[in-house]
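Given next are the chains, with one letter for each unit.
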Amino acid sequence: MTRILLALLLLISTGAFAQNVQILDGETLTSIPFVRVEPNPGNPFLADIDGYFQIPAGAQSLTFESAEYRDTTIAVSTIGDTILLNPVGNELDEFVVVPGVNPAERIMELAIANRKKNHPMGDEAFMYTSYSKFVFTMDPDALAQIPDTTTDSSLVEIRNLFGKQHLFMMESTTEKSFDPPYREKEVITAYKVSGFSDPAFSTFANEMQSFNFYENQFTLLGKLYLNPLALGSIRRYLFILEDSTVTDIGTTYTIRFQPRKDKNFDGMKGWLYINTNGYALEKVIAEPAEKSESIQPKVIQEYLLVDGRKWFPGKLSMEAVFPALRLNSDLENGYLVAKGTTYIDNIKLGADVSKQRFNAVTVETAIDANEKDSTHWDNRRKYDLTDKELETYRMIDSLSQANHFEEKLGAISALTSGKIPLGYVQFDLKRLVDYRDYEGYRIGAGLETSDKLWKRATIGGYFGYGTRDKAWKYGGYASCILFPKHFVTIHGSFQEDLVERGGYTFLADESSFSFGNMYRHLYVANMEQQRKAEVALSGYITPRFKVLGSVNYQRIRLTDGYEYTAPDGSVFSRDNPFDLAEASVEVIWTIREKIMYLGTKRVSKGSRWPRISAKMTQGISGIGASKLDYQRFNINIQQDIPIRAVGKFSYLISAGKTMGDVPLFLTHNAPGTGRDWNISVMNTFETMKASGFFNKEQVAVFTRFAFKQFKTNKKWTSPQIVLHHAMGIGTFSGRNEHFLPEGEEPFQDMNKGYYEAGVLVDKILNVSFLGIGIGAFYNYGPYSSIYVKDNFTVKIGLSLAL
């Protein structure tokens, strides 16, 4: 009996018999986070992120206060399982600034000063587990508008559908470890998605919002916003102290925030709940300060005081409204809504993480993550699935199987990478049309096998015809993944095509697409005819470090009347082609790159550190008919550096060196994009004539600073000032071995140094997804003209306007 009494006392003392009550919106019946609850008698406290609280012992009545709802007082004797609060409006009231010291700013100064100490990913290792659930459904406000007596068949159908199920839902569980200062690893131990099994869905919860609210920039749905807790934020944000709540662990200050007027930055608005115990975040509600017509997200984060010494994220919630995705045009709010919460448990501060294998892979899906049984889910779910959620899984799974959703999703994924699936093969859109100054419009097609035929192997081919050079090009290729764990792939190819004179490519980047590459193609004026057979082997030595080795044999035919005299006296020309044999090694290293392994896919999360690409090529004589010995080196170092609330600085350092006597196509062509099309191309010399400079060795530095876009509150314009500077230097020897046709302007080298600067006003006009701007660039220094007007180049800027 004594043991039973002790057990009962323990249960009572831990709240096992306390009544759990949830606070809901009286109109939509959705939970309201962080409501202030003031018991009479008793000390006030805040409900949790899901609106739950426990009624304190001895309380006679409770008063509920929340910024967007009417204050409500209810007798404890009348309280059931839920409390309904009536909203008074969804918009923040306008701030009224009065003279004097703003007490909220003093609190914010203390919170910012303690930001580093309170940062969850600071100077202490930790481990935790998490459970996440997200649902996509119809806005409850829209469903509430449908009268019970309606006879409209479409409205009845919507009410019946969303009354018993959601549109889509997913769940996941994870285990995360962190070792300061920056090593982290999150393993997705299980995921479940209605209708799909692709592991790409497993990271959904990770990508919605930042794990904590302490970084200078907060990530929300992939976009960066200046954090109100960032250094210098008091100059940019307006803070108002709205309330204070005294609890047994400190005083919680409720502070409303929003960007100050006439400040040009991507900011947020909402409430910060700051506890005097460490001046740390206890809770936060935030959303973008400017509403979007496509998506309107809101995040809620709740922090727990772990071991009485550090506040740590405990619940992360998000709600996103999609006004652009209307499910019914007759309903005022008939659009899609996404809601989800991540619950963090088993938090261990100062954990021993010595056995964890940390590397560049920060997120990884377990091999059996999609095969976990009900026991795993029952143990990890915070609440049992509702009948509505169970019906969502049942219905969407059956619809997916009947309508082949998985295959259709694969087709859409292929389309985003430039491929159109056609069953066991896929059409390559990148081969359809292109333009180069040398060959004119290139019309062609490409076809290769799809994943439906082989998961680890691809066989393909292509052809194209140039409207200016009147020549056919064609080629074929095959690749096979030998060791998926390290993405070790063997690749073989043969082509009868063109190669840029003095250009270079990294084989590892040849399949990538960018608007910069497409625009630069417009300026490629000199090319050689190339027949080439190649075999390559590539793989990742470490998750960040890729190595590629290749051997090839080529036959080159020079064009446009250009001739080259080899060391043995042979003259190479269009009528006298020559052979080359090469062996190459490439390495690509992205410093501190963060990577996700999702099943058999490697997905980069990017890096703020430099990306280094290097290639060494050895020309070998005596193999077949090859006659040239040479070494060719290329290295690129590039980086994008975001500068908080100001813009982004980008640079590319490109260097190349050729040792040995070779034709121009094996030297280095300074990438000039002046004249002709007058389209601005990043990482090029904007004022330099194409193919105007060749060097045996050269170094070029291209820099750009893109300021934040001006906020005009108009769709059609969002001007952005971009500053440009480029400089290069190089040398050329053995000029007498190269012969250009009579009357053609001779090429130069950059031994005196080439310099230019310019400014581009981008996105003056936004048309659909395309931003159009204008810029002016000026060539100064030794290669400038004595006539000032000849040094100016005016160009159009084309960019994505998202």
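Quick caveat: nothing in here was measured; it's all calculated off a predicted structure.

Visitor: Looking at this structure, how should I read the overall build of the chain?
Guide: The helix and strand inventory of the chain stands at 11 helices and 47 strands. Taken along its principal axes, the extent of the C-alpha atoms in the chain is 105 × 65 × 60 Å. The buried share among the 802 residues of the chain stands at 48%. Restricting to contacts in the chain with at least 6 residues of sequence separation, those with at least 24 account for 62%. Summed over all atoms, the accessible surface of the chain reaches about 39,400 Å², with 56% contributed by carbon and sulfur.

Visitor: How do you make sense of the layout of surface pockets when you look at a structure like this?
Guide: The rolling of a water-molecule-sized probe over the atoms marks out the regions of remaining empty space. Of the volumes computed, that of the second largest pocket is approximately 630 Å³. What lines the second largest pocket is a set of 30 residues, and nearest its centre among them are Arg675, Lys689, Ala690, Gly692 and Glu745. Contributions of two or more residues to the lining of the second largest pocket are made by strand S40 (685-689) and helix H11 (788-791). The element contributing the most residues to the lining of the second largest pocket is S40, with three residues. For the lining of the second largest pocket, a count of residues per class yields 11 nonpolar, 11 polar and eight charged.

Visitor: What is the right way to look at the nonpolar core in this model?
Guide: Side chains that are nonpolar tend, in soluble globular proteins, to be buried together. Judged by nonpolar contacts, the single largest core of 51 residues is most densely connected at Phe213, Phe239, Met268 and Leu272. A total of five residues in this core trace back to one element, the largest contributor, which is helix H2 (residues 103-113). Residues in contact with Phe239, not counting those within four places in the same chain, are Asn102, Ala104, Met108, Pro228, Ser233, Ile234, Ile255, Arg256, Phe257 and Leu272.

Visitor: Just to check I follow, could you spell out the pattern of salt bridges for this structure?
Guide: Any two side chains of opposite charge can pair if their charged atoms end up close together. Going through the model one piece at a time under the given rule, you end up with 50 salt bridges. With a closest N to O distance of 2.7 Å, Glu171 and Arg381 form a salt bridge. With Glu171 in strand S9 (residues 168-179) and Arg381 in the loop between helix H7 (374-380) and helix H8 (387-403), this pair connects stretches of sequence that are 210 residues apart. The buried category is assigned to Glu171, whose relative accessible area is 3%. For Arg381, a relative accessible area of 16% translates into the label buried.

Visitor: Explain helix H5 (residues 153-164) here, please?
Guide: Residues spaced three or four apart along an α-helix point in a common direction, a consequence of the helix completing one turn every 3.6 residues. Its 12 residues place the ends of H5 17 Å apart at the C-alpha level, agreeing with the 16 Å of an ideal helix rising 1.5 Å per residue. For H5, the complete set of buried residues consists of Leu155, Ile158 and Phe162. With its buried residues spanning 60° around the axis, H5 presents them on a single face. Across from the buried face of H5, at angles greater than 90 degrees, the exposed residues are Ser153, Glu157 and Gly163. Check the buried side of H5 and you find it contacts strand S8 (126-138), helix H4 (140-145) and H8.

Visitor: Got a minute to help me understand the packing of aromatic side chains in this structure?
Guide: Given two aromatic rings, their pairing is described by the distance between the two centres and the angle made by the two planes. Here the structure, examined in full by the defined rule, presents 45 aromatic pairs. Here the aromatic rings of Phe463 and Trp472 are separated by 6.2 Å at their centres, their planes lie at 45°, and the arrangement is tilted. Positioned over the ring face of Tyr393 is Lys192, at 4.6 Å from the centre of the ring.

Visitor: In this structure, what is going on with a nonpolar patch on the surface? I would like to understand it.
Guide: On the surface, Leu415, Ile420, Leu422, Leu429, Leu432, Val433, Tyr441, Ile443, Leu447 and Trp677 cluster together to form a nonpolar patch covering roughly 870 Å² of accessible area. Residue assignment for the nonpolar patch shows that the elements contributing at least two residues are strand S21 (419-422) and strand S24 (440-449). Per-element accounting of the nonpolar patch gives the leading share, three residues, to S24. You can see Leu415 is positioned in helix H9 (residues 405-416).

Visitor: Is there a simple way to think about unusual backbone geometry in this case?
Guide: The phi torsion of most residues other than glycine is negative, and most of the peptide bonds are trans. With an omega of -5°, the peptide bond between Asn40 and Pro41 qualifies as cis. Tracing the chain through its elements places Pro41 in the loop between strand S2 (36-40) and strand S3 (45-46). The omega torsion across Pro180 and Pro181 is 10°, close enough to zero to call that bond cis. Inspection of the secondary structure puts Pro181 in the loop between S9 and strand S10 (183-193). One non-glycine residue with positive phi stands out, namely Asp560, at about 60°.

Visitor: Looking at this structure, I do not really get the packing of H8 against H9. What am I missing?
Guide: The relative placement of two packed helices comes down to the angle between their axes together with the axis-to-axis distance. Between H8 and H9, whose axes approach to 6 Å, the crossing angle comes to 70°. Comparing their axes, H9 and H8 come out roughly perpendicular. In contact with Leu399, Ser400 and Asn403 of H8, H9 contributes Phe405, Glu406 and Lys408. When grouped by side-chain class, the residues that make up the contact of H8 with H9 number two nonpolar, two polar and two charged.

Visitor: Hey, could you run me through the packing of H5 against H8 in this one?
Guide: It is at 7 Å that the axes of H5 and H8 come closest, and there the two elements cross at 105°. Put simply, H5 runs roughly perpendicular to H8. Listed contacts from H8 to Phe162, Gly163 and Lys164 of H5 are Asp387, Lys388 and Glu391.

Visitor: Teacher, can you tell me more about empty space enclosed by the protein here?
Guide: Under the counting rule described, the total for this entry stands at three cavities of 30 Å³ or more. Here the largest cavity is characterised by a volume of approximately 60 Å³. Surrounding the largest cavity, 13 residues form its lining, Met170, Glu171, Ser172, Phe201 and Phe204 being those nearest its centre. Contributions of two or more residues to the lining of the largest cavity are made by S8, S9, S10 and helix H6 (204-208). Each residue belonging to the lining of the largest cavity can be placed in one class, and the counts come to seven nonpolar, three polar and three charged. Computed from the structure, the second largest cavity encloses a volume of approximately 50 Å³. For the second largest cavity, the full set of lining residues is Glu500, Arg520, Tyr523, Val524, Ala525, Asn526, Asn669, Ala670, Pro671, Gly672, Ala690 and Ser691. Split into classes, the residues belonging to the lining of the second largest cavity amount to six nonpolar, four polar and two charged.

Visitor: I tried to follow H2 on my own but got confused; where do I start?
Guide: Ala104, Ile107, Met108, Ala111 and Ile112 are the residues of H2 that are buried. Looking down the long axis of H2, one finds its buried residues gathered within 135° of arc, a one-sided arrangement. Where H2 begins, the capping side chain belongs to Asn102, and its oxygen is found 3.0 Å from the backbone nitrogen of Ala104.

Parameters and conventions
Throughout this description, residue numbers start from 1 for each chain and increase along the sequence as written. Where local features are concerned, this predicted model is filtered to residues with pLDDT of at least 70; where side-chain atom pairs are given and counted, the filter is 80 or more; whole-chain, interface and lining totals use all residues. The basis for the side-chain values is all heavy atoms of the structure; hydrogens and waters are excluded. Secondary structure follows DSSP: runs of H or I at least 4 residues long count as helices, runs of E at least 2 residues long count as strands, and numbering of each begins at the N terminus. Between buried and exposed lies partly exposed: a residue is buried under 20% and exposed over 50% of the maximum accessible area for its type, with that area taken using a 1.4 Å probe on protein chains only. Here a residue-residue contact requires only that any non-hydrogen atoms of the pair lie within 4.5 Å. In these tables, accessible area is a Shrake-Rupley quantity obtained with a 1.4 Å probe, and a residue counts as shielded only by the protein chains included in the view. Cavity and pocket criteria rest on a 1 Å grid covering protein atoms alone: a 1.4 Å probe that fits but cannot get out defines a cavity, protein on both sides within 12 Å along at least 5 of 7 lines defines an open pocket, and an atom within 4 Å of a point defines a lining residue. Grid points are joined across faces, edges and corners, and a volume is the space filled by probe spheres set on the points. All residues other than Ala, Val, Leu, Ile, Met, Phe, Trp, Tyr, Cys, Pro, Asp, Glu, Lys and Arg, Gly among them, are scored as polar; the first ten of these are nonpolar and the last four charged. Definition of nonpolar core: a set of buried residues of the types Ala, Val, Leu, Ile, Met, Phe, Trp, Tyr and Cys, connected through side-chain atoms within 4.5 Å. Take a side-chain nitrogen of Lys or Arg and a carboxyl oxygen of Asp or Glu: if they are within 4 Å of each other, that pair is a salt bridge. Here the expected length of a helix is defined as 1.5 Å per residue gap, with one fewer gap than residues. As used here, the arc is the angular range of directions from the helix axis to the C-beta atoms. The aromatic pairing rule takes the rings of Phe, Tyr and Trp, using the six-membered ring of Trp, and pairs them if the centres are within 6.5 Å, calling planes under 30 degrees apart stacked, those over 60 edge-to-face and the rest tilted. Geometrically, a lysine NZ or arginine CZ counts as sitting over a ring once it is within 6 Å of the ring centre and also within 35 degrees of the ring normal. The patches reported here contain residues having more than 30% relative accessible area and no salt bridge. Joining distances are 9 Å for like charges and 5 Å for nonpolar side chains (Val, Leu, Ile, Met, Phe, Trp, Tyr). A fitted line through C-alpha atoms represents every axis, and for helices the fit uses only the stretch in contact; the resulting angles, taken between N-to-C directions, go from 0 to 180 degrees. Oblique is the label for any angle not covered by the other classes, which are roughly parallel (under 35 degrees), roughly antiparallel (over 145) and roughly perpendicular (65 to 115). Pairs of N or O atoms within 3.5 Å make up the polar contacts considered here, provided that, within protein, one atom can donate a hydrogen while the other can accept it, and that residues adjacent in sequence are counted only when both atoms are side-chain atoms.

Nothing here speaks to function; it is all geometry.
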